[in-house]
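Chain residues, written in single-letter form:
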Amino acid sequence: MASPALLMRVVASAYSVAEKAATIVRNVMSAGDLGVVEKAGPNDLQTKADRLVQMSICASLARKFPKVTIIGEEDLPTDDVTEELIEDGHCEEILKKPCPAQYTGIKEEELVIWVDPLDGTKEYTEGLLDHVTVLIGIAYGGKAIAGVINQPYYNYEAGDGAVLGRTIWGVLGIGAFGFQLTEAPAGKHIIVTTRSHSSTLVNECISAVNPDTVIRVGGAGNKVIQLIEGKASAYIFASPGCKKWDTCAPEAILHAVGGKITDIRGNSFQYNKEVKHMNSAGVLATLRNYDYYASRIPNTVKESLVP
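Residues numbered from 1 in each chain as written. Predicted model: local features only at pLDDT ≥ 70, side-chain atom pairs only at ≥ 80, totals over all residues. Heavy atoms only, no water.

Chemist: For the domain arrangement of the chain, give the residues involved together with the corresponding values.
Modeler: Interfaces are often sized by the amount of accessible area the parts lose when they come together. Taken domain by domain, the chain holds domain 1 (6–175) and domain 2 (190–304). In this structure, domain 1 and domain 2 have C-alpha centres spaced 21 Å apart. At the junction of the two partners, domain 1 supplies 40 residues and domain 2 supplies 30 residues. Buried area between domain 1 and domain 2, summed over both chains or domains, comes out near 2,600 Å², and the portion from carbon and sulfur atoms is 63%. Taken as a group, Trp 114, His 131 and Ala 144 account for 23% of the area that domain 1 buries against domain 2, more than any other trio of residues on that side. (Domains from an automatic or database assignment. Contact = heavy atoms within 4.5 Å. Buried area = accessible area lost by both parts, 1.4 Å probe.)

Below, the structure is given as structure tokens:
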């Protein structure tokens, strides 16, 4: 039997690396010292978990796939990673899946991996643990083609004995796994949006779609999970706060199940290594009915967000 294609090996490794990351996230929390640092302000925080997880993910993947470009959220040195942070396992289940034909010839140097070690850091520091995700997105030709999302605290309110955490993964052309795909109630406009980065523009954009309900939660990964599990019909964020490492993994998973994500103006996100990191024209994502929501975005909102 031929050895699995590079893409499937990268995804299988990213799966195990994300599970290791979840353990680090939980360990930092239970040790009690989060080591919080403010980056650009009180809504832009970094904790010891962000730092350790990024070092773990980047070093583990770089060791196995040395020619892949890896871009992480945190600005950290890469040379002082201790052995205990390295994860060299992989998920056998993923290696058993055939690689989609259009990706079988990919070379290491053509892949870009976007890493958000802890998406929803502010929520993590406030104990809103179900908002927190670890995101590893894999891009080729500027497009998000595969992604891994780990929720370290999935099930944490289910009481003692519940299995904590889960890993969702997906590849375009194969599908997405680790959750139950569910559509939001038909005819309802349930909008998921930012919890800590709201603004007049964000709210104006949401009002324009006549929402029945607005859910405000942290983390881009968490918001896309709300879409694929049928808890929300659209993710709308008319603001420049979101970055490429926030959207790459969720985009791949959403697209793998037939959803759509763009900026507020309808442009696709680009993930080549030279691209700027900010998604400065915001985010619009749905599992179904993208065109309805896109058609309701006011031109005034589009004009005030420049890609």
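Chemist: An account of the packing of helix α6 (residues 220–228) against helix α7 (residues 244–256) is requested, with residue identities and associated values reported.
Modeler: Helix packing for two helices is described by the angle between their axes and how far apart those axes are. Here α6 crosses α7 at 15 degrees, and the two axes come no closer than 9 Å. In terms of their interaxial angle, α6 and α7 are classed as roughly parallel. The element α6 and its partner α7 pack so that their crossing is right-handed. Between α6, through Ala 220, Gly 221, Val 224, Leu 227 and Ile 228, and α7, the contact on the second element is made entirely by Asp 246, Pro 250, Ile 253 and Leu 254. (Axes fitted to C-alpha atoms, helices over the stretch in contact; angles between N-to-C directions. Helix = DSSP H or I, 4+ residues; strand = E, 2+ residues; numbered from the N terminus. Parallel < 35°, antiparallel > 145°, perpendicular 65-115°, else oblique. Left-handed = near helix turned anticlockwise from the far one by under 90°.)

Chemist: I'd like a description of the sheet that holds strand β13 (residues 283–286), backed by residues and values.
Modeler: Read across the open sheet, the 5 strands follow the order β10-β9-β11-β13-β12; overall the sheet is mixed. The open sheet is flanked by β10 (213–217) and β12 (260–262), the only strands paired with a single partner. Adjacent strand axes in the sheet meet at a mean angle of 20 degrees when their direction is disregarded. Both β12 and β13 contribute to a ladder of 3 bridges, which runs antiparallel. Across the sheet, the residue bridging to Ile 261 is Ala 285, located in β13. On top of the sheet, α7 reaches β12 and β13; it is set at about 145 degrees to β12, its chief contact. (Pairing = 2+ DSSP bridges.)

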